[in-house]
Amino acid sequence: KILTLELQFLFALIPTISFLLNSIMNPGKHQDELSKLANEIIYKWMAYLMNVSLKKYGIGSCPFRGFSQPKISEKLDLKDSERPILLIPIGYPR
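Please read these numbers as outputs of a predicted model, since none were measured by experiment.

Colleague: Would you explain the overall build of the protein in this entry?
Modeller: The helix and strand inventory of the protein stands at 3 helices and 2 strands. The helix and strand sequence of the protein, counted from the amino end, reads α-α-β-α-β. Burial statistics for the protein: of 94 residues in total, 20% are counted as buried. Of the contacts formed within the protein by residues at least 6 apart in sequence, a portion of 61% connects residues at least 24 apart.

Shown next, in the form of structure tokens:
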């Protein structure tokens, strides 16, 4: 099951890797986007490690990105400089 998590994570990174390679080939363009993307990669790795760690204790988790960032930001009363990247519900499977 951990291998499945690893594969899901790697497939989720494909668009990110593509953008990073494009940015390397075209230096000077998209610097703000590149910085945001680097932060997203760090947070995705943190989420992945959290998922693997939770699994060890029998706790399930399922990160997802299919949500409206503006709506979640409003509900959580986030600052303009903050934005949600992943939502990770956790709990004990039935």
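Colleague: Is there a simple way to think about the confidence of the model for the protein in this case?
Modeller: Keep in mind that low pLDDT regions are not for reading the predicted coordinates in detail. Put simply, the protein has an average pLDDT of 77, and 72% of its residues get 70 or more. Here helix H1 (residues 2-25) is the element of the protein with the lowest mean pLDDT, 66, and helix H3 (residues 69-75) is the one with the highest, 91.

Colleague: What exactly am I supposed to notice about unusual backbone geometry here?
Modeller: Most peptide bonds take the trans form, and the phi angle of most residues other than glycine is negative. The backbone of Asp-77 shows a phi angle near 55°, a positive value even though the residue is not glycine. Note that Asp-77 resides in the loop between H3 and strand E2 (90-91).

Colleague: Please explain a nonpolar patch on the surface as it appears in this structure.
Modeller: Among the surface-exposed residues, Ile-42, Tyr-43 and Met-46 lie close enough to one another that they form a single nonpolar patch of about 320 Å² accessible area. Relative to the helices and strands, Ile-42 is located in helix H2 (residues 31-56).

The rules behind each value
- Residues numbered from 1 in each chain as written.
- Predicted model: local features only at pLDDT ≥ 70, side-chain atom pairs only at ≥ 80, totals over all residues.
- Heavy atoms only, no water.
- Helix = DSSP H or I, 4+ residues; strand = E, 2+ residues; numbered from the N terminus.
- Buried < 20%, exposed > 50% of the residue type's maximum accessible area, 1.4 Å probe, protein only.
- Contact = heavy atoms within 4.5 Å.
- pLDDT = per-residue confidence, 0-100.
- Patch = residues over 30% accessible without salt bridge, like charges linked within 9 Å, V, L, I, M, F, W, Y side chains within 5 Å.
- Areas by Shrake-Rupley, 256 points an atom, 1.4 Å probe, with all protein chains shown as cover.
- Salt bridge = Lys/Arg side-chain N within 4 Å of Asp/Glu carboxyl O.

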